[in-house]
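The lines below spell out each chain.
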Amino acid sequence: MSDKPSQPLGLSSATALVVASMVGSAIFISAGYSLAALGSRGWVLVCWVVGGIVALCGAVSYGALAQQLRESGGEYVYLARRVHPLAGFLAGWVSLLAGFTGALALAAGTFEQYAAPLLGIAEPNGKIAIVLILLCVVQHSLGVAGGAWLQNGVVVLKVAGLSLLALLGCWWLGGREPLPATPPPTFTWSVFAVQLTYVYMAYSGFNAAVYVSEEVRDAERNVPRSMVLGTLLVTVLYLALNAVFVFSGPIEDLAGQDDIAALAMGILGGPTAEVCTRLLICAALATSVSALTMSGPRVYSKMAADGLFPIPVPPAGRSPRVAITLQSVLACTVVLVASLRAQLEYLGLILMLCAAAAVATLFWVRPDPERQPRWWQLTAAGVFVAAALALMVLTAMRKPDDGTATITACVVTIAAGVAMYFLLRWIDRVRHEDIEQ
């Protein structure tokens, strides 16, 4: 019997999922924040180079994990199987609140910011973002295969469009006078770390393929390859786009701007270029929302299958519709109550720490000899874990109010997850006792 109904995703589909998950909101809003904080175009680009290297190390590390545990579910599966069910539950909890729900809300909210001027809306109120989320719920509730082919086609168009945007921007930059030099800013590692947090959020979808590995054909080969290929492609694209954004005009005109991408193309190509850029970014963000709607609910379904999440387990090869609906309701709530900039730092830090915890298991959990990680995979894992720890320390070293708020938000998220885990275990124990009586 053919395995296509339960494994509809090949290398191209898995790579498309990675690209769509990575190319989200952060690339279109963070450059303005980083330019304001660092005051240097060069340092902004250094941030993206460093972020790309860290993400590539993460992709290689997750490839090693995927070869050892060939199950969907990502960090939840790796930590639950290799450390303890509580560790896995916390990873799923972080995914629920931050990795997918938060990222989904961020992408949808940024979509609204870029789409609102096109629709003549002066002050967006969340309605556009919520409509987009609900449309993606309908798309992926129809079935995995139908969602996959549509996802592939839109991702190809998105990458082509963003590549054209980068090429046009570079061409326009080459035909203009050089910008005046700016005085060197005061550099501090703690400020640089915050910008890396924003950048990591942009790269954080590099591991998307592991969440659907059971639905990927020849997963042992295709899942690791899709993550590396997707990360390399997106890194090159990010560097080109950011060069265009930060060199398009004077720093004082771009620093701190939420919609720096549209403003930069407007400066270089005029009002028509700005409108086209907004349309293109809206399309790109729509595919990100779609990808997150597809991959995230697989984590919650895996937790439900292990008895750690109170939702129905979908049949094999069927879309987890209840999980999709739950995630989307939470994302719509975040859209209405949280700001975009505050989410960037929190999401970037907690997602990197969670991913680092999963990657760190490569060092102390040894599978059978045929699946031992190779030296280059362990080296990549070491770089990734060290980068996460450094980011956490440098974030805490900032101004007390700023750094403490971010760390506190992460601690509260983990503490709430621990409480929820023991509550669910207690409920399960009471239920079993009632059945036995």
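Up top you'll find the structure we're talking about.
Residues numbered from 1 in each chain as written. Predicted model: local features only at pLDDT ≥ 70, side-chain atom pairs only at ≥ 80, totals over all residues. Heavy atoms only, no water.

## What about the packing of aromatic side chains?
Counted under the stated rule, the structure contains 15 aromatic pairs. Here the aromatic rings of W48 and Y203 are separated by 5.8 Å at their centres, their planes lie at 55 degrees, and the arrangement is tilted. In this pair, W48 is assigned in helix α3 (residues 41-68) and Y203 in helix α8 (residues 189-203), connecting sequence segments 155 residues apart. No difference in accessibility class separates W48 from Y203, as the two residues are buried. Centroid distance Y203 to Y238: 5.1 Å. Interplanar angle 65 degrees. Geometry classified as edge-to-face. Of this pair, Y203 sits in helix α8 while Y238 sits in helix α9 (residues 219-247), and the two are 35 residues apart along the sequence. The same class applies to Y203 and to Y238, which are both buried. Taken together, the ring pairs connect Y62, Y78, Y200, F206 and F384 into an aromatic cluster. (Phe/Tyr/Trp six-rings, centres within 6.5 Å; stacked < 30°, edge-to-face > 60°. Helix = DSSP H or I, 4+ residues; strand = E, 2+ residues; numbered from the N terminus. Buried < 20%, exposed > 50% of the residue type's maximum accessible area, 1.4 Å probe, protein only.)

## With respect to the packing of helix α6 (residues 127-141) against helix α13 (residues 321-337)
Close contact between α6 and α13 brings their axes to 10 Å; oriented N to C, the two are set at 170 degrees. The angle between α6 and α13 falls in the class roughly antiparallel. Residue-level inspection shows A129, I130, I133, V137, H140 and S141 of α6 in contact with α13, the latter providing R321, I324, S328, A331, C332, V335 and L336. For the contact of α6 with α13, the residue count by class is nine nonpolar, three polar and one charged. (Axes fitted to C-alpha atoms, helices over the stretch in contact; angles between N-to-C directions. Parallel < 35°, antiparallel > 145°, perpendicular 65-115°, else oblique. Contact = heavy atoms within 4.5 Å. Nonpolar A, V, L, I, M, F, W, Y, C, P; charged D, E, K, R; others polar.)

## A few points about the environment of L104
Take L104: it is sitting in helix α5 (residues 85-115). The class for L104 is buried, based on a relative accessible area of 0%. Expressed as a C-alpha distance, the spacing of L104 and I133, which sit 29 residues apart in the sequence, is 8.1 Å.

## Brief notes about the environment of A264
Tracing the backbone shows A264 in helix α11 (residues 260-269). Residue classification places A264 among the buried positions, given a relative accessible area of 0%. The spacing of A264 and F245 is 19 residues in sequence and 5.4 Å in space, taken between C-alpha atoms. A264 has contacts with V244, F245 and S248, leaving out every residue within four places of it along the chain.

## A few points about helix α4 (residues 75-82)
Owing to its 3.6 residues per turn, the α-helix brings residues three or four apart onto one side. Taking burial as the measure, the eight residues of α4 include seven buried ones, the bulk of the element. Those residues of α4 lying buried are E75, Y76, V77, Y78, L79, A80 and R82. Along its buried surface, α4 packs onto α3, α5, α12 (271-305) and α14 (340-364).

## Quick look at the pattern of salt bridges
Summed over all chains, the structure comprises three salt bridges. Across the pair R278 and D259 runs a salt bridge, and its minimum N-O distance is 2.8 Å. Placement of R278 in helix α12 and of D259 in the loop between α10 (251-254) and α11 is noted, with a sequence separation of 19 residues between them. As far as the burial class goes, R278 and D259 line up, both buried. Note that E274 and R278 form a salt bridge whose closest N and O atoms lie 3.3 Å from each other. With E274 and R278 both in helix α12 and four residues apart, the pair spans about one turn of that helix. Taking the relative accessible area as the measure of exposure, E274 reaches 23% and is therefore partly exposed. What you see here is one network of salt bridges that share partners, running through D259, E274 and R278. (Salt bridge = Lys/Arg side-chain N within 4 Å of Asp/Glu carboxyl O.)

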